[in-house]
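Summary of the model geometry
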Amino acid sequence: MGADRLSDFFKMIHLETHIGVSPSALRTQLSKIEVLLPQFQTLCEENMGKSPRKSVLAMDETFFGNFMILVLMDLQSGYLLLEDLAEDRCFETWHKKVTPRLESLGIEVNHAISDRAKALIKLAITGFDCESGADVFHAQQDISRWLGSTIKRKISTAKKEKDAIKTTKEQQDSLSKEDDLAEEKATETQDTVILFQKEYHANLRGVAEDIHPFELTTNEVKDSRQVEEALEQRIQDFETTVEALGGCLRTRIETKISEIL
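We now turn to the structure provided with this report. (Residues numbered from 1 in each chain as written. Predicted model: local features only at pLDDT ≥ 70, side-chain atom pairs only at ≥ 80, totals over all residues. Heavy atoms only, no water.)

**Section: the overall build of the chain**
Cut-off, in case you're wondering: Each helix is a run of H or I in the DSSP string that is no shorter than four residues. Each strand is a run of E no shorter than two, and both are numbered from the N terminus. Each radius of gyration reported is based on C-alpha atoms, and the globular scaling rule is 2.2 Å times the count of residues to the power 0.38. Exposure classes here rest on a 1.4 Å probe applied to the protein chains alone. A residue is buried below 20% of its type maximum, exposed above 50%, and partly exposed in between. Contacts were defined at the residue level, with two residues in contact if any of their heavy atoms lie within 4.5 Å. Surface accessibility follows the Shrake-Rupley procedure with a 1.4 Å probe radius. Residue values consider only the protein chains on display as shielding. Charge counting treats Lys and Arg as positive and Asp and Glu as negative, with His and both chain ends excluded. The location of each charge is read from NZ of Lys, CZ of Arg, CG of Asp or CD of Glu.
In terms of helices and strands, the chain carries 8 helices and 5 strands. The order of helices and strands in the chain, counted from the N terminus, is α-α-β-β-β-α-β-α-β-α-α-α-α. For a compact globule of 261 residues, the expected C-alpha radius of gyration is about 18 Å, and the chain comes in at 25 Å, more than 25% above that figure. Counting only C-alpha atoms and orienting by the principal axes, one finds that the chain spans roughly 85 × 45 × 40 Å. Across the 261 residues that make up the chain, the buried fraction comes to 33%. Within the chain, contacts between residues separated by at least 24 positions form 50% of all contacts whose residues are at least 6 apart in sequence. Roughly 16,700 Å² of accessible area belongs to the chain as shown, and the carbon and sulfur atoms make up 53% of that amount. Here the chain carries 33 positive and 46 negative side-chain charges, and the mean point of each set is 3 Å from the other.

**So, the state of the cysteines**
As a reminder, the rule being used: The definition used for a disulfide is geometric: two cysteine sulfur atoms within 2.5 Å.
Tallied over the full model, the rule gives 0 disulfides. Cys90 carries a free sulfur, and the closest cysteine sulfur to it, the one in Cys130, is 19 Å from it.

**Let's talk about helix H4 (residues 118-127)**
Formally: Directions pointing from the helix axis toward each C-beta atom define the arc.
By the burial criterion, the buried members of H4 are Ala119, Leu120, Leu123 and Ala124. Summarising the axial view, the buried residues of H4 lie within an arc of 140°, below the 170-degree limit, and thus occupy one face. Exposed positions of H4 whose direction lies more than 90 degrees from the buried face are Lys118 and Thr126. For H4, the secondary structure elements touched by its buried residues are strand S1 (53-64), helix H3 (91-105), strand S4 (107-114) and strand S5 (131-134). Asp129 lies just past H4 and shows a positive phi near 55°.

**Examining the environment of Ile151**
Here Ile151 is to be found in helix H5 (residues 136-172). Each C-alpha atom of the pair Ile151 and Pro213 lies 31 Å from the other, and the pair is 62 residues apart in sequence. With sequence-adjacent residues up to four places away left out, Ile151 is seen in contact with Val193, Phe196, Gln197, Tyr200, Thr241 and Leu245.

**Brief notes about the nonpolar core**
Using the following cut-off: Note on terminology: a nonpolar core comprises buried Ala, Val, Leu, Ile, Met, Phe, Trp, Tyr and Cys residues joined through side-chain atoms within 4.5 Å.
Core analysis: the biggest nonpolar cluster contains 23 residues, and Met59, Leu72, Leu81, Leu102, Leu123 and Phe128 have the highest contact counts within it. Elements represented by at least two residues in this core include exactly S1, strand S2 (67-74), strand S3 (79-86), H3, S4 and H4. Considering every element that reaches this core, the biggest residue donor is H3, with 5 residues. Ignoring any residue separated from it by four or fewer positions in sequence, one finds Leu81 in contact with Leu57, Leu72, Met73, Asp74, Arg101, Leu102, Leu105 and Ile107. Judged by nonpolar contacts, the second largest core, of 11 residues, contains Trp146, Leu147, Ile155 and Tyr200.

The values reported here are purely geometric and, on their own, carry no functional implication.
Below, the structure is given as structure tokens:
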């Protein structure tokens, strides 16, 4: 990506108060990393031992020019277990590449995080015999797809009702008492749902802040308990919105947020 872009990114996520993120500092570190990485890999794997260990892994594909690279990471350590070129990203290709690697390191997967690609879900459930979890971005995206669209439809419906009443008023030069009440109700409904939409957007963005490793206002390091408590509060806030919209989506929101937890 380049040290300049990395520097910009680190500043966007407020790491400059904890580490040096200038382009020159990053270039120095990148040069050191390039030399040390092969040695680091050898050292880590020689000292891992042969006893089986359970791990939570993340998997995805990345692209470098015309090359596609399959990447498998141990989330607790951030260690890359696999980084290999591939012609495709189907289940069979993934399984063929990761199985011998995990067996050689004595790793048993007890949870696998990915985007919602079918091949990766199958790799977790069938290949690793474990649960498949969503990464945070795609969990947020899933919430947006159904809750965000539901709110948008309700706003659109209220607007159509108001427009219909307005058209009737223009045609008749006046409205009946019932029409006045209907217009007032449609306006109130639209305003209420717009308010819920603003709260929903704030909570959806807030998920990213909740899982940030540092508290953005104090720069203090967060622990897992703080993250879980913050996400639990998001669940309650989302539930309030869902119940206000009819309550029929409560179980689904709990399921989506539990994937993040």
